[in-house]
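Survey of secondary and tertiary structure
Given next are the chains, with one letter for each unit.
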Amino acid sequence: LAVNKVEEAQALLESVLSEDSANDEARVLLAQTKLYSDPKAAADLVGPIEPGSDVYELAESTTVYSTLFGYLEDESTLPEGETKVEYLNAIQDLRKQDFEAALEGFIEILRRDRYYNDDSARKACIAVFKSLGESHEITLAYRSRFSGALHS
(Lines give C-alpha, C1' and ligand atoms only; values in the text may rest on other atoms or scores of the structure.)
Protein backbone atom coordinates (compact mmCIF):
# COMPACT_ATOMS: atom_id res chain seq x y z
CA LEU A 1 0.00 0.00 0.00
CA ALA A 2 2.83 2.39 0.82
CA VAL A 3 4.08 2.13 -2.76
CA ASN A 4 0.57 2.17 -4.26
CA LYS A 5 0.43 -1.48 -5.32
CA VAL A 6 -3.23 -1.73 -4.39
CA GLU A 7 -4.11 -4.92 -6.26
CA GLU A 8 -1.14 -6.79 -4.78
CA ALA A 9 -2.02 -5.48 -1.32
CA GLN A 10 -5.63 -6.58 -1.73
CA ALA A 11 -4.54 -10.09 -2.70
CA LEU A 12 -2.20 -10.31 0.30
CA LEU A 13 -4.77 -8.93 2.71
CA GLU A 14 -7.49 -11.25 1.42
CA SER A 15 -5.09 -14.15 1.92
CA VAL A 16 -4.38 -13.03 5.49
CA LEU A 17 -8.12 -12.77 6.22
CA SER A 18 -8.81 -16.20 4.75
CA GLU A 19 -6.30 -17.61 7.26
CA ASP A 20 -7.30 -15.34 10.17
CA SER A 21 -10.72 -13.74 9.80
CA ALA A 22 -10.33 -12.02 13.17
CA ASN A 23 -7.33 -9.98 12.01
CA ASP A 24 -8.77 -6.48 12.46
CA GLU A 25 -5.72 -4.71 11.07
CA ALA A 26 -5.84 -6.66 7.80
CA ARG A 27 -9.61 -6.09 7.67
CA VAL A 28 -9.21 -2.29 7.98
CA LEU A 29 -6.35 -2.13 5.49
CA LEU A 30 -8.34 -4.15 2.95
CA ALA A 31 -11.36 -1.90 3.54
CA GLN A 32 -9.21 1.17 2.90
CA THR A 33 -8.12 -0.25 -0.45
CA LYS A 34 -11.77 -0.62 -1.46
CA LEU A 35 -13.20 2.52 0.10
CA TYR A 36 -13.20 4.77 -2.97
CA SER A 37 -14.17 2.09 -5.48
CA ASP A 38 -16.71 0.12 -3.42
CA PRO A 39 -17.64 1.98 -0.21
CA LYS A 40 -20.33 -0.52 0.78
CA ALA A 41 -17.90 -3.44 0.61
CA ALA A 42 -15.43 -1.42 2.68
CA ALA A 43 -18.08 -0.74 5.34
CA ASP A 44 -19.08 -4.41 5.38
CA LEU A 45 -15.44 -5.41 5.96
CA VAL A 46 -15.06 -3.20 9.03
CA GLY A 47 -18.53 -3.88 10.43
CA PRO A 48 -17.42 -6.70 12.75
CA ILE A 49 -14.62 -4.64 14.36
CA GLU A 50 -15.43 -3.98 18.02
CA PRO A 51 -14.76 -0.77 20.00
CA GLY A 52 -11.90 -2.39 21.96
CA SER A 53 -9.86 -3.04 18.81
CA ASP A 54 -6.67 -1.07 18.18
CA VAL A 55 -8.01 -0.14 14.73
CA TYR A 56 -11.55 0.72 15.79
CA GLU A 57 -11.18 4.44 15.00
CA LEU A 58 -10.04 3.63 11.45
CA ALA A 59 -12.92 1.22 11.06
CA GLU A 60 -15.31 3.88 12.28
CA SER A 61 -13.92 6.45 9.82
CA THR A 62 -14.37 3.91 7.01
CA THR A 63 -18.02 3.52 7.98
CA VAL A 64 -18.49 7.31 8.03
CA TYR A 65 -16.89 7.65 4.57
CA SER A 66 -19.14 4.89 3.23
CA THR A 67 -22.23 6.63 4.59
CA LEU A 68 -21.12 9.95 3.10
CA PHE A 69 -20.42 8.40 -0.29
CA GLY A 70 -23.89 6.84 -0.17
CA TYR A 71 -25.39 10.35 -0.14
CA LEU A 72 -23.80 10.95 -3.55
CA GLU A 73 -25.77 7.97 -4.86
CA ASP A 74 -29.05 8.94 -3.16
CA GLU A 75 -29.26 12.48 -1.85
CA SER A 76 -33.00 12.23 -1.13
CA THR A 77 -32.35 11.31 2.52
CA LEU A 78 -30.54 14.59 3.19
CA PRO A 79 -32.40 17.60 4.60
CA GLU A 80 -33.20 20.25 1.98
CA GLY A 81 -31.70 23.73 2.05
CA GLU A 82 -28.62 25.71 1.07
CA THR A 83 -26.39 23.53 3.18
CA LYS A 84 -27.32 20.42 1.21
CA VAL A 85 -25.50 21.58 -1.93
CA GLU A 86 -22.40 22.58 0.03
CA TYR A 87 -22.50 19.31 1.94
CA LEU A 88 -22.68 17.26 -1.27
CA ASN A 89 -19.82 19.31 -2.74
CA ALA A 90 -17.66 18.57 0.31
CA ILE A 91 -18.49 14.86 -0.01
CA GLN A 92 -17.54 14.95 -3.70
CA ASP A 93 -14.22 16.53 -2.75
CA LEU A 94 -13.69 13.76 -0.21
CA ARG A 95 -14.55 11.12 -2.81
CA LYS A 96 -11.89 12.68 -5.09
CA GLN A 97 -9.49 12.47 -2.12
CA ASP A 98 -9.13 16.24 -2.09
CA PHE A 99 -9.02 16.27 1.70
CA GLU A 100 -8.25 19.96 2.07
CA ALA A 101 -11.22 21.05 -0.05
CA ALA A 102 -13.46 18.55 1.76
CA LEU A 103 -12.37 19.83 5.16
CA GLU A 104 -12.86 23.44 4.02
CA GLY A 105 -16.42 22.58 3.03
CA PHE A 106 -17.26 20.61 6.15
CA ILE A 107 -15.78 23.27 8.44
CA GLU A 108 -17.78 25.99 6.69
CA ILE A 109 -20.93 23.93 7.24
CA LEU A 110 -20.04 23.63 10.92
CA ARG A 111 -19.79 27.41 11.15
CA ARG A 112 -23.12 28.08 9.47
CA ASP A 113 -25.32 25.07 10.17
CA ARG A 114 -23.64 23.01 12.89
CA TYR A 115 -26.31 20.34 13.26
CA TYR A 116 -27.09 19.79 9.58
CA ASN A 117 -27.89 16.12 8.97
CA ASP A 118 -27.36 15.11 12.59
CA ASP A 119 -24.02 16.90 13.00
CA SER A 120 -22.48 14.90 10.16
CA ALA A 121 -20.05 17.63 9.04
CA ARG A 122 -18.35 17.27 12.44
CA LYS A 123 -18.34 13.48 12.08
CA ALA A 124 -16.90 13.81 8.57
CA CYS A 125 -14.03 16.01 9.78
CA ILE A 126 -13.18 13.57 12.56
CA ALA A 127 -13.26 10.68 10.08
CA VAL A 128 -10.84 12.51 7.78
CA PHE A 129 -8.48 13.26 10.67
CA LYS A 130 -8.57 9.62 11.83
CA SER A 131 -8.04 8.19 8.36
CA LEU A 132 -5.13 10.51 7.60
CA GLY A 133 -3.64 10.14 11.07
CA GLU A 134 -3.17 12.70 13.82
CA SER A 135 0.34 13.67 12.67
CA HIS A 136 -0.55 14.11 8.98
CA GLU A 137 0.13 17.64 7.70
CA ILE A 138 -3.49 18.14 6.60
CA THR A 139 -4.80 17.04 10.01
CA LEU A 140 -2.37 19.40 11.72
CA ALA A 141 -3.34 22.27 9.42
CA TYR A 142 -7.09 21.86 9.86
CA ARG A 143 -7.52 20.57 13.42
CA SER A 144 -7.46 24.06 15.01
CA ARG A 145 -9.83 25.47 12.38
CA PHE A 146 -12.18 22.59 13.08
CA SER A 147 -12.03 23.24 16.84
CA GLY A 148 -12.61 26.95 16.25
CA ALA A 149 -15.69 26.22 14.16
CA LEU A 150 -17.08 23.97 16.86
CA HIS A 151 -16.69 26.61 19.53
CA SER A 152 -17.75 29.70 17.61
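First, a word on what this report is: a plain description of the structure on this page. Just so we're clear, the structure is a prediction, and the values are computed from it rather than from any experiment.

On to the side chain of Thr62, then. Its place among the elements puts Thr62 in helix α4 (residues 56-73). Excluding residues that lie within four positions of it along the chain, Thr62 makes contacts with Ala31, Gln32, Leu35, Ala42, Ala43 and Val46.

Tyr65, Leu68, Tyr87, Ile91, Leu94, Phe106 and Cys125 are the most contacted members of the largest nonpolar core, which has 41 residues in total. Per element, the largest residue contribution to this core is seven residues, and it comes from helix α6 (residues 99-113). Not counting the four nearest positions on each side in its chain, Leu68 is found in contact with Tyr87, Ile91, Leu94, Phe106 and Ala124.

Although it is not a glycine, Asp118 sits at a positive phi angle of roughly 60°. In this structure, Asp118 sits in the loop between α6 and α7 (120-132). Positive phi values are uncommon outside glycine, yet Asp119 reaches one of about 65°. Within the secondary structure, Asp119 is located in the loop between α6 and α7.

In this section: α7. Under the 1.5 Å per step criterion, the end-to-end length of α7 is 18 Å for 13 residues, consistent within 8% with the ideal 18 Å. Residues of α7 that are buried include every one of Ser120, Ala121, Ala124, Cys125, Ala127, Val128 and Phe129, and no others. Contacts from the buried residues of α7 go to α4, α5 (82-95), α6 and α8 (137-150). In the stretch just after α7, Gly133 is the one whose phi turns positive, near 105°.

Conventions used here
- All residue numbers here refer to positions counted from 1 along the written sequence of the relevant chain.
- Owing to the predicted nature of the model, reporting of local features is limited to residues with pLDDT of at least 70; listing and counting of side-chain atom pairs is limited to 80 or more, with chain, interface and lining totals taken over all residues.
- Water and hydrogen atoms play no part in the side-chain values, which are based on all heavy atoms of the structure.
- Secondary structure elements are defined from DSSP: runs of H or I of at least 4 residues count as helices, runs of E of at least 2 residues count as strands, and each element is numbered from the N terminus.
- Residues count as neighbours in contact if any of their non-hydrogen atoms are within 4.5 Å of one another.
- Throughout, nonpolar core names a set of buried Ala, Val, Leu, Ile, Met, Phe, Trp, Tyr and Cys residues whose side chains join them through atoms within 4.5 Å.
- Burial classes: relative accessible area under 20% of the type maximum marks a residue as buried, over 50% as exposed, and values in between as partly exposed (1.4 Å probe, protein chains only).
- Expected span of a helix: the number of residues minus one, times 1.5 Å.

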